[in-house]
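Here is how the chains run, residue by residue.
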Amino acid sequence: LGDINYKLKDYQKAIEFYENALLLGSRRLNSDPWPIDISKYQEYPTSMIANSKELLINMKTYHRLDDK
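Anyway, here's the lowdown on the structure attached to this text.

Criteria and cut-off values
- Residues numbered from 1 in each chain as written.
- Predicted model: local features only at pLDDT ≥ 70, side-chain atom pairs only at ≥ 80, totals over all residues.
- Heavy atoms only, no water.
- Core = buried A, V, L, I, M, F, W, Y, C linked by side-chain atoms within 4.5 Å.
- Buried < 20%, exposed > 50% of the residue type's maximum accessible area, 1.4 Å probe, protein only.
- Helix = DSSP H or I, 4+ residues; strand = E, 2+ residues; numbered from the N terminus.
- Contact = heavy atoms within 4.5 Å.
- Phe/Tyr/Trp six-rings, centres within 6.5 Å; stacked < 30°, edge-to-face > 60°.

**Considering the nonpolar core**
Here's step 1: Listed in full, the 5 residues of the largest apolar core are Ala14, Ile15, Tyr18, Met48 and Ile49.
Here's step 2: Elements supplying a minimum of two residues to this core: helix H2 (11-26) and helix H3 (38-58).
Here's step 3: The biggest single contributor to this core is H2, with 3 residues.
Here's step 4: Setting aside anything within four residues of it in sequence, one finds Met48 in contact with Asp3, Tyr6 and Tyr18.

**Overview of the packing of aromatic side chains**
Here's step 1: Following the criterion strictly, the structure yields 2 aromatic pairs and no others.
Here's step 2: Aromatic pair Tyr6 and Tyr11: ring centres 5.4 Å apart, planes at 70°, arrangement edge-to-face.
Here's step 3: Take Tyr11: its relative accessible area is 8%, and that puts it in the buried class.
Here's step 4: On the numbers, 6.2 Å between centres and 85° between planes, the contact of Tyr18 with Tyr44 is edge-to-face. Here Tyr44 lies in helix H3 and Tyr18 lies in helix H2, a separation of 26 residues in the sequence.
Here's step 5: Residue Tyr18 is classed as buried on the basis of its relative accessible area, which comes to 4%.
Here's step 6: Classification of Tyr44 as partly exposed rests on a relative accessible area of 36%.

**Digging into the side chain of Ser52**
Here's step 1: Structurally, Ser52 is set in helix H3.
Here's step 2: Residue class for Ser52 comes out buried when judged on its relative accessible area of 0%.
Here's step 3: In this structure, Ser52 is in contact with Tyr6, Tyr11, Ala14, Ile15 and Tyr18, ignoring residues within four places of it in sequence.

This is the structure:
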């Protein structure tokens, strides 16, 4: 879901999903029957959070002339 929101340029929502992925990935049990891919659960969300934050900072904001 983080990737979908990133693609839709909803970076704040993407960050929330990537942070959730970090939390859930860190809580996987050692006895989990499926192999764990550390980059999938740690490196990738971390880099995408950084990318999203940078894009949010650099995003241009436009205001209508009649906004107060």
